[in-house]
Amino acid sequence: MLDLHGYGWTILEGARLTLASALLSVVLAVLIGIAVALLRLSHSRIASGAALTYTTVIRGIPDLVLMLLIFFGGQILVNKLVAWVDPWIEAQGGAPIGYLDINPFIAGVLTLAVIYGAYMAETFRGAILAVPHGQLESARAFGMTPFQVFRRVLFPQAVRHALPGITNNWLVLLKSTALLSVIGLEDMVRKAQFAVGATRLPFTFYLFVAVLFLLFTTASLLVLRTLEARAQRPYR
Amino acid sequence: MDFSVVLESWQFYALGLWNTVWMVAVSLLVGLVLAIPVGIMRASRNPLINAPAWLYTYCFTGTPLLIQLFLIYYGLGQFSAVRASPFWFLLREAWFCALLTFVLNTAAYTAEILRGAIQTMPRGEIEAARACGMSPGLMMRRIILPSAFRRALPAYGNEIVFMLHGSSIVSIVTVLDLTGAARLVQSRYYAPFEAFITAGACYLALTWLITLAMRRLERSWFAHLRPRTG
């Protein structure tokens, strides 16, 4: 087996952060995706145009570039905001905030959510369109409010069509978290880099991380395929 | 925002654009050549042929591109046998390792796309080919592959865009691609918005060009399926 020179546990701790950031961002991405898909399909020209612009621009730019833009750009924006409110805080007799460092976890999760929200929006758009229109019309004819139509009729049927796409997006998102090490998140990739710096054994540690990723993707596939099969059951 | 720092560094962006374009083009081309036999193996029902191809695509599609690059660029140097080999002068170069990683990665994804396209081949066409007395090899070359390529085209268009976007990670191992140029400008002038928005706009333009080209290709490859008018 792999000899990890005592770094196994720190990397596993990093793996926890990898999973936490991936899970949190996928939840946010699904919410963004549903909202943007509904905007995209709405009758308002402006809303649907804005949604189309968002999904097209985000899906045309690499994750890494967006991540660096949001991380470094966000740093500047946040500190401009701080410089703006600090005099007011001081005038109130409070302690000024000074310089703020952006937390890579928050920046990373938000970036991943914004990026994969665009992919989720495409998935949900297709899924919503796959629900027969008559279903929505009859729901409305029953006197349901738009929210009731969404919750009771549209969403339960759309999610079945969305699941394969969600699975796919989740797998890509999970692998994208490796890039968060670039903006300083101490995920398992970053922890492995520390271990490599100390031991000079890059192959060993990156192989260990690769195996962990493979385990995560395999486990996700098993779970999500089961869910997909279950969602298909009433329709066979 | 002040884009003059970008204009001053236009040479970096030009070089970066060139490096991005040629690395992606070469990776896609070599990857496609490699993907054809692997895809055929993956479509085989013989487990001895299928399993090794499955293991390869499973490992390469199940792990991040960045880790694959780290394993090849940093990892291989761990073995003295590699350092002593005649290929070491190439394997120590970041651009070569990146190219090798991209080829292996895109070949794995493309092979899976091809497998899907081969497996959805209409039974009747295969039966007809067999009835004409074609050998399996001839049938693969004349009937199955041309039809599978056509069906794989939309998914392959996505793969091209993914490869373009994935290539941005070479900037992490010091190759000056589009993202690398932006990172250079960012570190010199501390101008993240200008630097990364410029790079992002270039990627967006490239993505748009690829989409446009694929749509044209699809229109001509599927021309026989379009409804006839007039």
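Residues numbered from 1 in each chain as written. Chains lettered and ligands numbered in written order. Predicted model: local features only at pLDDT ≥ 70, side-chain atom pairs only at ≥ 80, totals over all residues.

1. Quick look at the overall build of chain A
Thinking step 1. When helices and strands are tallied, chain A shows eight helices and zero strands.
Thinking step 2. Computed over C-alpha atoms, the radius of gyration of chain A comes to 22 Å, more than 25% over the 18 Å expected from 2.2 N^0.38 for 236 residues, which places it beyond the range of a compact globule.
Thinking step 3. Within the span of chain A, comprising 236 residues, buried residues form 38% of the whole.
Thinking step 4. Put simply, of all contacts in chain A between residues at least 6 apart along the chain, 77% involve residues at least 24 apart. (Helix = DSSP H or I, 4+ residues; strand = E, 2+ residues; numbered from the N terminus. Rg over C-alpha atoms; globule rule 2.2 N^0.38 Å. Buried ≥ 20, exposed ≤ 12 C-beta atoms within 10 Å, placed from the backbone. Contact = placed C-beta atoms within 7 Å.)

2. A look at the overall build of chain B
Thinking step 1. If you tally the helices and strands in chain B, you get eleven helices and zero strands.
Thinking step 2. Seen through its C-alpha atoms, chain B measures out along the principal axes to roughly 70 × 60 × 25 Å.
Thinking step 3. Counting over 230 residues, chain B shows a buried share of 41%.
Thinking step 4. Nonlocal contacts in chain B, meaning residues at least 24 apart in sequence, comprise 77% of its contacts between residues at least 6 apart.

3. Describing the interface of chain B and chain A
Thinking step 1. In this complex, chain B contributes 30 residues to the contact, which on the side of chain A involves 29 residues.
Thinking step 2. Among the secondary structure elements, those contributing two or more residues to the side of chain B that touches chain A are α3 (47-62), α4 (65-75), α10 (178-189) and α11 (192-221) of chain B.
Thinking step 3. Examining the composition of the side of chain B that touches chain A, we find that ten residues originate from one element, α11 of chain B, more than from any other.

4. Focus on the confidence of the model for chain B
Thinking step 1. For chain B, per-residue confidence averages 93 on the pLDDT scale, and residues scoring 70 or more make up 100% of the total.
Thinking step 2. For this predicted complex, the interface confidence reaches an ipTM of 0.91, while the overall pTM sits at 0.92. (pLDDT = per-residue confidence, 0-100.)

5. Some details on unusual backbone geometry
Thinking step 1. For R200 of chain A, which is not glycine, the phi dihedral falls at a positive 60°.
Thinking step 2. Tracing the backbone shows R200 of chain A in the loop between α7 (188-199) and α8 (202-232).
Thinking step 3. Phi is positive for Y190 of chain B, close to 50°, though the residue is something other than glycine.
Thinking step 4. Note on placement: Y190 of chain B falls in the loop between α10 and α11.

6. Quick notes on the nonpolar core
Thinking step 1. Counting 123 residues, the largest nonpolar core has V65, A192 and V209 of chain A together with I67 of chain B as the members making the most contacts within it.
Thinking step 2. Per-element accounting of this core gives the leading share, 14 residues, to helix α7 (residues 94-119) of chain B.
Thinking step 3. In this view, A192 of chain A contacts I11, F205, Y206, F208 and V209 of chain A; residues no more than four positions away in its chain are not counted. (Core = buried A, V, L, I, M, F, W, Y, C linked by C-beta atoms within 7 Å.)

7. Observations regarding the packing of α7 of chain A against α8 of chain A
Residues and elements named next belong to chain A.
Thinking step 1. Their axes nearest at 9 Å, the elements α7 and α8 cross at an angle of 165°. As far as their axial angle goes, α8 and α7 are roughly antiparallel. For the crossing formed where α7 meets α8, the hand is right-handed. Of α8, the residues touching α7 (which contributes M188, V189, A192, A195 and V196) are P202, F205, Y206, F208, V209 and L212.
Thinking step 2. Taken together, the residues that form the contact of α7 with α8 break down as eleven nonpolar, no polar and no charged. (Axes fitted to C-alpha atoms, helices over the stretch in contact; angles between N-to-C directions. Parallel < 35°, antiparallel > 145°, perpendicular 65-115°, else oblique. Left-handed = near helix turned anticlockwise from the far one by under 90°. Nonpolar A, V, L, I, M, F, W, Y, C, P; charged D, E, K, R; others polar.)

8. Some thoughts on α10 of chain B
Thinking step 1. Look at α10 of chain B: 17 Å from first C-alpha to last across twelve residues, which is about the 16 Å you get at 1.5 Å a residue.
Thinking step 2. All of the buried residues along α10 of chain B are L178, T179, G180, A181, A182, R183, V185 and Q186 of chain B.
Thinking step 3. Here the buried face of α10 of chain B lies against α3 (63-91) of chain A together with α1 (4-8), α2 (10-43) and α11 of chain B.
Thinking step 4. Just downstream of α10 of chain B lies Y190 of chain B, where phi reads positive at about 50°. (Expected span 1.5 Å × (residues − 1).)

9. Side note on the environment of I197 of chain B
Thinking step 1. Structurally, I197 of chain B can be placed in helix α11.
Thinking step 2. Along the primary structure I197 of chain B and A182 of chain B are separated by 15 residues, whereas in three dimensions their C-alpha atoms are 8.6 Å apart.

10. Concerning the environment of I67 of chain B
Thinking step 1. Mapping I67 of chain B onto the fold places it in helix α4.
Thinking step 2. The exposure class assigned to I67 of chain B is buried, which follows from the 25 C-beta atoms found within 10 Å.
Thinking step 3. As for I67 of chain B and T101 of chain B, which are separated by 34 residues in sequence, their C-alpha atoms are 9.8 Å apart.
Thinking step 4. Ignoring anything within four residues of it in the chain, the contact list for I67 of chain B reads A178, V189, Y206, V209, A210 and F213 of chain A.

11. So, the environment of A229 of chain A
Residue and element names in this part refer to chain A.
Thinking step 1. Assignment of secondary structure puts A229 in helix α8.
Thinking step 2. Under the C-beta neighbour-count criterion, A229 is labelled exposed, with 11 such atoms within 10 Å.
Thinking step 3. Considering only alpha carbons, one finds A229 and I128, 101 residues apart in sequence, at a separation of 19 Å.

12. A look at the packing of α3 of chain A against α11 of chain B
Thinking step 1. Running from N to C, α3 of chain A and α11 of chain B point in directions that differ by 160°, and their axes come no closer than 9 Å. What the angle tells us is that α3 of chain A and α11 of chain B run roughly antiparallel. Where α3 of chain A crosses over α11 of chain B, the two elements pack in a sense that is left-handed. Contact with α3 of chain A, carried on its side by V65, L68, L69, F72, G73 and I76 of chain A, involves P192, F193, F196, I197, A199, G200 and Y203 of chain B of α11 of chain B and no other residues of that element.
Thinking step 2. Its residues placed into classes, the contact of α3 of chain A with α11 of chain B shows eleven nonpolar, two polar and no charged.

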